[in-house]
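Single-letter residue listing:
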Amino acid sequence: MREIKTFFVKTYGCQMNELDSEIMVGQLEQRGLSRIEDESAADLLIFNTCSIRDLAERKVMGKLGKLGRTSQRNAVIGVTGCMANAKKDSLFQKIPHIDFVLGTNNIHDLNNVLDDVLATGKQSVKTDDRFTTELDYLSAKRDDKVKAYVSIIRGCDKFCTYCVVPYTRGPESSRTPESIEQECRQLVSQGYKEIILLGQNVNSYGKDKPEWNCLFHDLLYRLDRIPGVERIRFMTSHPVDITRELMEAVRDLPSLCEFVHFPVQAGSNRILRKMHRIYTLEQYREKVNMLREIVPEVALGTDVIVGFPTETEEEFQMTFDVLKEIEYSVAFLFAYSPRKGTPAMRWQDDVPEEVKQERLQRLMKMQEEIYQKQRQSMLEREVEILVEKKNFKDSALLKGRTRCWKNVLFPGDESLIGTLQKVRIHSYSHQTLLAELIGVSNLIDR
Ligand code: SAH
Ligand code: SF4
Ligand code: F3S
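K.L.:
Help me understand the pattern of salt bridges in this model?
P.N.:
A side chain of one charge can pair with a side chain of the opposite charge when the charged atoms of the two come close. Applying the stated criterion across every chain yields a total of 44 salt bridges. Arg222 is the partner of Glu178 in a salt bridge, and the nearest nitrogen-oxygen pair spans 3.9 Å. Remark: Arg222 occurs in helix 8 (residues 216-224) and Glu178 occurs in helix 7 (residues 177-189); sequence separation between them is 44 residues. A relative accessible area of 48% places Glu178 in the partly exposed class. Under the relative-accessibility criterion, Arg222 is labelled partly exposed at 24%. For the salt bridge of Glu313 with Arg359, the shortest nitrogen-to-oxygen distance reads 3.8 Å. With a gap of 46 residues between them, Glu313 in helix 12 (residues 313-326) and Arg359 in helix 13 (residues 353-378) connect regions that are remote in the sequence. With a relative accessible area of 6%, Arg359 lands in the buried category. Salt bridges linked by common partners bring Glu22, Glu134, Arg142, Arg175 and Glu183 together as one network.

So this is what it looks like as structure tokens:
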């Protein structure tokens, strides 16, 4: 049997993949392997991949192709994550030097698959279509000491026509409230200050298990009661499943941060229908208005796709107008990328790349003006921040986040990392708010 001692993990894609990597690291450490940062020295290499857009896949394929041409042919190489489910064993034809392919729904099989590869020297693949087993979340090896991801629901049943996720992660599967609560309690007792509840669509939580009688807002009330829990966030939300009860929870629960990411994707009803987003712009706007009425200080986040098949200039303009009207405080903007196996592949990708890029630029420019206005309005305000880490570029500065997810830099001692502080914002530089410390937050000012 081949022997391995060290491993290296590289993660692509979203927070769900980051968490899955943390779980895999926990499992590998439990079997006595050590994680190292030097890729070229590791005995096992794991690439936890993403399929959401063509660029995400190209990055991984480029990386894997290059590995085959280096001297690291002795390392065991595994491909995990969404590309594993999207491409399954066809990956072996494309990249013959990889040893195993492990899908998003098979993370618990990692050590078995690895044993198999080490014992037989043969390639191994496991890519179940749906998630069935409870994962060992408690032994996840977290990258961060202050905030922690907690998976509450895996998979997606929405089938937006452009999106690979329902195929790469399978149908929705909620995790029991007991298990979620147990993990959150453990995290709080370990000193974590912020819990980020994860799911492709967190507000579908519990709908697949009506017998539990615990919908997303019920879960939030339950978690907020955990003694010592400081902040709870959640992402992402599908607009259709955002309920009044959830909005009231954002207003009423002290730990729940006033930030809701619920992507609009497009501003034209024809495009929304073609995307199978199952809401009209009017229905979306109604939810925004209701949310802002119930939680006036709420910050909103969105994702947008430009250049969806058949999108006209006028229809793009509608997307532009919605972003201008709603003034999101976070907006992730993407050019449409056709994905194999999705219904949108039926339609020709007829918006030329340069038009997509030009629309993207126009949106970014307008959104930057909104950010600028928002930064301006933050000046002189006193806010609560959770101190996350030293600033990457200038280590005399610490980085924290407001409850509304804005980054703030301020001078302070490292010992403040992991604490809630009150700061006064005095200026900004590029995209970042600059502040000075006022004192320990008593959790009153949001
Ligand atoms: N579950 C989340 C989003 C997951 S993917 C939600 O529905 O809100 C993150 C974002 O990537 C999506 O919101 C969408 O804006 C973008 N995206 C997904 N598929 C895409 C594609 N084929 N091309 C371009 N952007 C895409
Ligand atoms: Fe993809 Fe739509 Fe599901 Fe989000 S809701 S993961 S965009 S299918
Ligand atoms: Fe990518 Fe899969 Fe996440 S496709 S964005 S890693 S769910």
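K.L.:
Explanation requested: the packing of helix 1 (residues 15-30) against helix 5 (residues 110-120) in the structure shown.
P.N.:
Helix-helix packing: each pair is described by the crossing angle between the helix axes and the interaxial distance. Their axes nearest at 10 Å, the elements helix 1 and helix 5 cross at an angle of 55°. Between helix 1 and helix 5, the crossing angle belongs to the class labelled oblique. Here the hand of the crossing between helix 1 and helix 5 comes out right-handed. Contacts from Met24, Gln27 and Leu28 in helix 1 reach Leu110, Asn111 and Leu114 in helix 5.

K.L.:
Is there a simple way to think about the site of ligand 3 in this case?
P.N.:
Near ligand 3 you find Cys14, Asn17, Cys50, Ser51, Ile52, Cys82, Arg169 and Gln200, and these make up its full shell. Grouping the amino acids of the shell around ligand 3 by side-chain chemistry returns four nonpolar, three polar and one charged.

K.L.:
Would you explain the sheet that holds strand 12 (residues 259-261) in this entry?
P.N.:
The pairing of strands in a sheet comes from backbone hydrogen bonds and takes either a parallel or an antiparallel form. One open sheet accounts for three strands, arranged 12-13-14; its pairing is parallel. On the outer flanks of this sheet lie strand 12 and strand 14 (330-335), each paired with one strand and no other. Averaged over all pairs of adjacent strands, the angle between strand axes in this sheet comes to 10°, irrespective of strand direction. As judged from the three bridges shared by strand 12 and strand 13 (residues 299-306), these two strands associate in the parallel manner.

K.L.:
Just checking my understanding: could you explain the site of ligand 2 for this structure?
P.N.:
Taken together, the neighbourhood of ligand 2 is formed by Cys156, Lys158, Phe159, Cys160, Tyr162, Cys163, Val165, Pro166, Gln200, His238 and Arg277. For the shell around ligand 2, a count of residues per class yields seven nonpolar, two polar and two charged.

K.L.:
How should the packing of helix 7 against helix 8 be read in this particular structure?
P.N.:
The N-to-C vectors of helix 7 and helix 8 enclose an angle of 35°; their axes lie 10 Å apart at closest approach. Two packed elements cross with a definite hand, and for helix 7 against helix 8 that hand is right-handed. Taking contact as the criterion, the partners of Pro177, Glu178, Ile180, Glu181 and Cys184 in helix 7 are, on helix 8, Leu219, Arg222 and Leu223. Each residue belonging to the contact of helix 7 with helix 8 can be placed in one class, and the counts come to five nonpolar, no polar and three charged.

K.L.:
What is the right way to look at the state of the cysteines in this model?
P.N.:
Here, disulfide denotes a covalent bond that connects the sulfur atoms of two cysteines. Within this structure, the stated rule accounts for zero disulfides. Cys184 takes part in no disulfide bond, and the closest cysteine sulfur to it belongs to Cys214, at a distance of 12 Å.

K.L.:
Which parts of the structure should I look at to understand the packing of aromatic side chains?
P.N.:
The relative placement of two aromatic rings is captured by the distance of their centres and the angle of their planes. The final tally for this structure, using the stated rule, is nine aromatic pairs. Between Phe159 and Tyr167, the aromatic rings sit 5.6 Å apart at their centres with planes inclined by 70°, giving edge-to-face as the arrangement. Both rings, one in Phe259 and one in Trp405, keep their centres 5.3 Å apart while their planes meet at 20°; by these two values the pair is stacked. Taken together, the residues span a long stretch of sequence, with Phe259 in strand 12 and Trp405 in the loop between strand 16 (397-402) and strand 17 (407-411) at a distance of 146 residues. Here the aromatic cluster, defined as three or more aromatic residues joined through ring pairs, consists of Tyr162, Phe308, Tyr336 and Trp347.

K.L.:
Explain unusual backbone geometry to me, please; I cannot follow it from the model alone.
P.N.:
For residues other than glycine, phi is negative in most cases, and the peptide bonds are mostly trans. Residue Met235 is joined to Thr236 through a cis peptide bond whose omega torsion reads 0°. With respect to the helices and strands, Thr236 occurs in the loop between strand 11 (231-235) and helix 9 (244-252). Backbone geometry at Gln265 places phi at a positive 70°, although glycine is not the residue there. Relative to the assigned elements, Gln265 resides in the loop between strand 12 and helix 10 (269-274). Look at Gln265 and you get buried, because its relative accessible area is 7%. In the Ramachandran plot, Ile278 falls in the positive-phi region, its phi being about 55° despite a non-glycine side chain. Position of Ile278 among the secondary structure elements: in the loop between helix 10 and helix 11 (281-294). Note on Ile278: relative accessible area 46%, which makes it partly exposed.

Reading the values: rules and limits
Residues numbered from 1 in each chain as written. Chains lettered and ligands numbered in written order. Predicted model: local features only at pLDDT ≥ 70, side-chain atom pairs only at ≥ 80, totals over all residues. Heavy atoms only, no water. Salt bridge = Lys/Arg side-chain N within 4 Å of Asp/Glu carboxyl O. Helix = DSSP H or I, 4+ residues; strand = E, 2+ residues; numbered from the N terminus. Buried < 20%, exposed > 50% of the residue type's maximum accessible area, 1.4 Å probe, protein only. Axes fitted to C-alpha atoms, helices over the stretch in contact; angles between N-to-C directions. Parallel < 35°, antiparallel > 145°, perpendicular 65-115°, else oblique. Left-handed = near helix turned anticlockwise from the far one by under 90°. Contact = heavy atoms within 4.5 Å. Near = heavy atom within 4 Å. Nonpolar A, V, L, I, M, F, W, Y, C, P; charged D, E, K, R; others polar. Pairing = 2+ DSSP bridges. Disulfide = S-S within 2.5 Å. Phe/Tyr/Trp six-rings, centres within 6.5 Å; stacked < 30°, edge-to-face > 60°.

Purely geometric stuff here, so don't read any function into it on its own.
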